[in-house]
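Residue-level structural notes
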Amino acid sequence: MIQLHCRWQNRRMRPPKKSDLRRFCHAAAVAAGLPVEPVWDLNLLFVNDRSMARYNAELVGHEGTTDVITFSYFDDESGYPENETMIELIINPDAAVREGSKRPGGYSWEMALYIVHGLLHSAGEDDLSPAPRRRMRRRERECLTQLEKEFDFSTLFTENPL
């Protein structure tokens, strides 16, 4: 099982219900191929463009804002310590608003994608070169298709501004 710790620091968009987000993240981790036993912690931080640009510069060394930053601590093939933070995702709902306006599924689909994308990185997927990027995009589609059978993204992540 995954223990979810979530902080919503984006004042523009409404946060999801924590119980629904917890169920979604657990199902997304399973779809991504991550272990769920023993118990580990998933930390989600939802920020705005300005904060994301600062985190991107300070933590990753990149300039400007982005959609999601992933930190995964699944380093040891032999296992991991129980009740420890194993994944941290910093997610930018402002980016989801922008990108969602250009794509089918909108904001809610983008938010689901950002979580899946971060979890896939944590499961070992990469998108820095063409072949791994194609694989990651395929895996994203597979995971989201699977998750759409159980979750209505538009009720999980509502586009209603605060």
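A brief look at the structure comes next. (Residues numbered from 1 in each chain as written. Predicted model: local features only at pLDDT ≥ 70, side-chain atom pairs only at ≥ 80, totals over all residues. Heavy atoms only, no water.)

What follows concerns helix α3 (residues 93-100). Residues separated by three or four positions in an α-helix point in the same direction, a consequence of the helix having 3.6 residues per turn. Burial analysis of α3 places six of its eight residues in the buried class, which makes it a mostly covered element. By the burial criterion, the buried members of α3 are P93, D94, A95, A96, V97 and G100. Where α3 is buried, its residues contact β1 (2-8), β2 (40-46), α2 (49-60), β4 (85-91) and α4 (106-122). Where α3 starts, the residue carrying a side-chain oxygen 2.9 Å from the main-chain nitrogen of D94 turns out to be N92. (Buried < 20%, exposed > 50% of the residue type's maximum accessible area, 1.4 Å probe, protein only. Helix = DSSP H or I, 4+ residues; strand = E, 2+ residues; numbered from the N terminus. Contact = heavy atoms within 4.5 Å. Polar contact = N/O pair within 3.5 Å; in protein donor to acceptor, adjacent residues only side chain to side chain.)

Right, let's talk about the nonpolar core for a bit. Formed by 43 residues in total, the largest nonpolar core has its most connected members in F24, W40, L42, L44, I91 and L119. Taken together, the elements giving at least two residues each to this core come down to β1, α1 (18-32), β2, β4, α3, α4, α5 (130-148) and α6 (153-156). Residues V47, M52, Y55 and I90 belong to the second largest nonpolar core, which totals six residues. (Core = buried A, V, L, I, M, F, W, Y, C linked by side-chain atoms within 4.5 Å.)

In this structure, G118 sits in helix α4. Given the relative accessible area of 0%, G118 is considered buried. On a C-alpha basis, the gap between G118 and A32 in space is 9.6 Å, while along the polypeptide they are 86 residues apart. For G118, the contacting residues outside a window of four places in its chain are T70 and L89.

On to the packing of aromatic side chains. Applying the stated criterion to the full structure yields six aromatic pairs. Between the aromatic rings of F24 and F151, the centroid separation amounts to 5.4 Å while the plane-to-plane angle is 80 degrees, which identifies the pairing as edge-to-face. One end of the pair, F24, is in helix α1; the other, F151, is in the loop between α5 and α6, and 127 residues separate them in sequence. Neither F24 nor F151 differs from the other in exposure class; each is buried. One aromatic cluster is present, formed by F24, F151, F153 and F157 through successive ring pairs. (Phe/Tyr/Trp six-rings, centres within 6.5 Å; stacked < 30°, edge-to-face > 60°.)

These figures come from the coordinates and say nothing about function on their own.
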